[in-house]
Structures are given as structure tokens and as C-alpha cells.
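A look at the structure
Here are the chains, one letter per residue:
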Amino acid sequence: MSRISIADLGDLKGGENITISGWAQEIKILKSVTFIILRDSTGVCQVTIKGEPNLIEKASTLTRESVIMITGTFKKDGISKSAPEIACTGLTLLNPAGTPLPLGITDPVEADFETRFNNRILDLRKPKNNIIFRAKSSILWGIRKLMTDEGFVEVQTPKIVSSATEGGAEVFRVKYHEKDAFLNQSPQLYKEMLISAGIPKVFEVGPAFRAEEHNTNRHLNEFTSIDIEMAFSNDDDAMQMLELCVYQGITELMDKMGKELETLGYKIVVPKKPFPRMEYTEGIKILEENNVKFNFGDDFSSEHLKIIGSKMDGFYFITGWPEQVRPFYTMQRDDDQRFTKSFDLQYKELEITSGAQRVHDPNVLIKRLKEKGLNPENFEYYVSAFRYGMPPHAGWGLGLERLTQIALNIHNIREVTLFPRDRTRVTP
Ligand code: AMO
């Protein structure tokens with residue numbers, strides 16, 4: 001079936017015979033003329049049927065959102081000002097849509113959230129929602145390109161694992177033959193092990209699972225984690241690579257889709273590098289200046305981060321986190337062990353990345369595991385990778401959904417997730 005897209009019509013001179021397929025968005029039967037508004041993933045066009053009783057008959061039985069194929073002549077200067085026009089000579093119904101539609105694609109009043117996400121495939125047909133996933137793909141492509149150019153190897157690590165990495169309570173347990181296993185919260189341990197395996201720069205884009213009970217606009221139970229790990233590197237090297245990644249991802253989006261996104265109401269702003277850096281202790285000072293009581297060693301809550309973030313413009317790092325709030329694999333500062341060589345990348349109150357230089361001495365790692373109340377025996381497969389020559393290394397994990405949220409200025413993380421998994425939703 002030879003087929004062109006609606007966007008391709010812009011390249012035609014007029015008068016060509018064409019075949020085009022898509023969804024019948026609207027059908028209007030008037031006295032002297034019948035119109036079908038046809039939509040595909042690239043736009044809408046107007047199909048005009050005049051004086052062809054057979055075609056008018058077929059059009060009159062069409063239901064909205066049926067899939068059709070139109071043959072006809074492209075009219076350069078048709079009557080429609082807003083959409084390209086095709087004078088129809090043939091109409092084939094490829095698959096009818098049932099009625100009533102649970103949700104209208106062009107209805108001016110937005111359906112409620114539950115209806116939208118219960119009928120997500122229809123919700124995704126709306127151009128403003130559909131474009132989000134091309135944008136997400138474009139951001140990821142920008143990052144993938146950069147990482148590959150920088151010599152990183154893209155890897156795939158297990159998602160069914162035997163130990164939790166980021167906190168025991170937030171892990172999904174799965175039955176694995178005779179044993180219990182977990183869904184991976186992060187590729188953390190495996191990406192570090194690969195440094196010892198002689199792959200000095202690794203990156204991975206994959207699902208991460210968190211059994212968090214939160215019901216917020218920034219938490220999912222399954223999200224896409226972009227992870228990197230670099231050998232012979234410290235926290236500063238990792239931060240510089242992160243800055244570059246965020247910049248490249250958003251630049252790719254701007255270059256490829258900036259104009260198109262703007263027509264749908266999204267405004268893309270490419271961030272300026274370098275991103276400002278603030279120490280954890282400076283964050284505490286800001287809170288105290290705002291009369292907020294805060295105990296050293298606590299994590300900042302989203303309310304705290306709202307206050308701190310209001311002082312910052314765009315992306316910024318918070319560095320030098322106390323060891324209490326960072327995982328066992330995080331390296332402590334040489335000069336003051338209360339602090340770690342770690343960082344978060346923030347955008348206002350939203351955390352989009354955590355990273356650090358890691359412990360590379362197996363004895364320190366075992367000590368840190370114990371201090372965090374974890375049993376080193378459960379991590380032996382990981383610790384053993386440190387026993388035979390593990391280089392110093394650093395890396396980070398970046399949430400692709402949160403980065404997409406920020407790039408498009410979208411409030412709820414579910415909007416940038418095709419089929420979100422949250423506290424109450426596991427279908428569709
Ligand atoms: P962390 O647990 O901070 O660090 O996660 C890294 C980034 O992943 C995203 N993220 C989430 N996105 C949506 N829903 C969630 N429930 C969720 N949880 C986390 C955020 C966050 O900044 N192993 C470390 C990374 C490292 O040090 O390399 C880790 O996973 O954007």
C-alpha cells in the first residue's frame with residue numbers, strides 16, 4: 001500500500017493523485033458537500049466529497065476515529081484555510097471504531113484523569129499528548145548520541161536481582177523459582193561491577209522499580225533510569241558529564257522539535273552551562289534564613305526544596321550530602337567523613353539526578369554495608385568485584401520522566417509516561 005503522510009502534502013504542487021490513511025476525526029455531511037477531517041500522526045487534512053452518491057453513502061456510515069484510506073487529488077488552493085485539502089475519489093473503511101467513544105479526541109472539555117488513563121490509547125491520540133512521547137524520545141536520542149560519542153558503551157543489566165540497592169522497604173519482591181528475588185531499583189551495583197570488568201565507561205537506559213507508597217506528581221513505581229558509571233573519575237567529572245547530558249538532551253529537543261512543540265503550547269528553554277552548585281550546608285542556611293528549623297543529617301523534604309529552589313534559577317546541584325542520607329556505596333570526603341562526595345541535580349524543588357564518587361575499597365564497602373544495617377553476605381557477588389582491582393569510579397542515575405517533565409514544563413509525571421504504574425494503577 002503506497003502511502004504518504006499528511007505532513008508530506010506540504011511538499012506537493014497540487015493536482016497529484018494520492019493515497020492517504022488515518023483516523024476519521026470528524027465527519028460533516030452538508031447539503032452540497034461532505035467533509036471528513038482525517039488525522040494521522042503528522043497532522044490533519046480535509047477530505048471533500050462532492051456529487052459522488054456512493055462515497056457520500058460510505059461517509060455517512062463512518063463513526064468517529066474509524067481507520068480509513070482515502071484516494072483523491074491534492075488541492076493546493078482548496079477552500080480550507082487551516083488544513084490541506086483532498087478531493088476524494090475513493091474511500092475504504094480499514095477498521096471501524098466502536099461507539100460511543102469513551103473519550104473524544106477533540107472535545108474542548110478535558111475528560112477527568114481516571115477516564116483519560118483508563119482509555120490511554122485514545123488519550124494519546126490527542127496531538128498535545130502524543131507529541132510528549134516524540135519529545136521524550138528526542139531527549140533520549142540526544143543523550144544516547146552524546147554518550148556514544150564520548151565512548152560510553154550502552155549495557156543491559158539484570159532487572160531481577162537478589163538484593164535491594166536503594167533501601168529495603170521500597171523494593172518489589174518477586175517469586176523466582178524456589179527463591180525470592182527483587183525487581184531492580186537501580187542498575188547501581190551492576191554498573192559498578194562493569195567498571196571492574198574492564199568497561200571503563202558504561203551507560204544504561206532501562207526500567208527501575210520502586211515500591212514507594214507515595215502518590216505524588218513526581219513518583220512512579222516504574223520509571224526509566226538513565227545511568228552512567230565512569231572509571232578513574234570523581235564526583236566532579238560525573239557532574240560535568242551530567243551537565244553535558246542534560247544540555248544535549250534539551251538542545252536536541254529544541255533543534256528537532258522546538259517549533260512544532262511551540263504550536264502546541266510547549267516552550268523549550270535550553271539551559272545554560274555550567275549549572276550552579278550549592279553545598280548541603282548552604283541549603284540549611286537558606287532554610288534557617290527563612291525561619292525553618294532543620295537538623296543536620298536529615299534529608300531535605302519537598303517543602304524544604306521548594307524554599308531552597310525558589311532562590312535558584314533553573315538547574316542547580318546540591319553537593320556534599322551527609323553520609324546518613326546517602327547509600328552505602330557513596331564515598332565519604334577525605335577531609336571530613338561526615339560528608340560524602342555526592343550530588344543531586346535539582347530543578348526548583350524537583351530532584352532529577354543523584355550521583356557520587358563511589359567507595360572502591362572492598363573493606364570500606366563492607367564496613368559501610370554493616371553501618372547501614374545491611375548484611376555483606378547478601379552483597380558478596382558485588383563486593384567480590386572489588387577484590388581484584390577495582391578502579392576509583394563515579395556515576396549517576398537520571399530519571400528520564402522527570403527530565404521530560406522539566407523540559408516540557410509538565411506538572412504530573414504520569415503525563416510523560418505512556419502507561420504509568422503508581423500506587424493504584426497497574427492497567428492498562
Ligand atoms: P536515586 O534513588 O536518587 O538514585 O534515583 C535517581 C533518579 O531516578 C529518578 N527517580 C524516580 N523517578 C520517578 N519515580 C520514582 N519513584 C523515582 N525514584 C527515583 C529521579 C532520581 O533523581 N543509584 C542511584 C543513582 C546513582 O548514584 O548512580 C539512584 O538510583 O530522577
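Keep in mind that this is a model prediction, so the values were computed, not measured. (Residues numbered from 1 in each chain as written. Predicted model: local features only at pLDDT ≥ 70, side-chain atom pairs only at ≥ 80, totals over all residues. Heavy atoms only, no water.)

Moving on, we get to the packing of helix H4 (residues 127-149) against helix H11 (residues 400-408). Running from amino to carboxyl end, H4 crosses H11 at an angle of 110°, the nearest separation of the two axes being 10 Å. One way to sum up the angle between H4 and H11 is to call them roughly perpendicular. Taken as a pair, H4 and H11 cross one another with a handedness that is right-handed. For the pair H4 and H11, contact is made by Ile132, Ala135, Lys136, Ile139, Leu140 and Ile143 and by Leu400, Glu401, Leu403, Thr404, Ala407 and Leu408, respectively. Partitioning the contact of H4 with H11 into residue classes produces nine nonpolar, one polar and two charged. (Axes fitted to C-alpha atoms, helices over the stretch in contact; angles between N-to-C directions. Helix = DSSP H or I, 4+ residues; strand = E, 2+ residues; numbered from the N terminus. Parallel < 35°, antiparallel > 145°, perpendicular 65-115°, else oblique. Left-handed = near helix turned anticlockwise from the far one by under 90°. Contact = heavy atoms within 4.5 Å. Nonpolar A, V, L, I, M, F, W, Y, C, P; charged D, E, K, R; others polar.)

A few words now on the site of the ligand. Every one of the 22 residues lining the ligand counts as a neighbour, but Gln188, Glu212, Glu351, Ser354 and Arg358 are closest to it. In the model, a nitrogen atom of the ligand is placed 2.9 Å from a nitrogen or oxygen of the Leu220 main chain. Considering the ligand on its own, with 620 Å² of exposed area, one finds that the protein chains cover 94% of that surface. Counting residues per element, the ones that place at least two in the shell around the ligand are helix H5 (188-196), strand S15 (350-357) and strand S16 (393-399). For the shell around the ligand, the element with the most residues is S15, which contributes five residues. Looking at the shell around the ligand, its residues break down into six nonpolar, eight polar and eight charged. (Near = heavy atom within 4 Å. Polar contact = N/O pair within 3.5 Å; in protein donor to acceptor, adjacent residues only side chain to side chain. Areas by Shrake-Rupley, 256 points an atom, 1.4 Å probe, with all protein chains shown as cover.)

Now for the pattern of salt bridges. Scanning the model with the defined rule gives 32 salt bridges in all. With a shortest N-O distance of 3.8 Å, Lys372 and Glu323 are connected by a salt bridge. Within this pair, whereas Lys372 is found in the loop between helix H9 (362-371) and helix H10 (380-383), its partner Glu323 is found in the loop between strand S13 (315-319) and strand S14 (342-347), the two being separated by 49 residues in sequence. The partner of Arg368 in a salt bridge is Glu371, and the shortest N-O contact between them spans 2.7 Å. Of this pair, Arg368 and Glu371 both sit in helix H9, three residues apart, which is roughly one turn of the helix. Overall, Arg368 belongs to the buried group, its relative accessible area being 1%. (Salt bridge = Lys/Arg side-chain N within 4 Å of Asp/Glu carboxyl O. Buried < 20%, exposed > 50% of the residue type's maximum accessible area, 1.4 Å probe, protein only.)

Read these as geometric descriptors, not functional statements.
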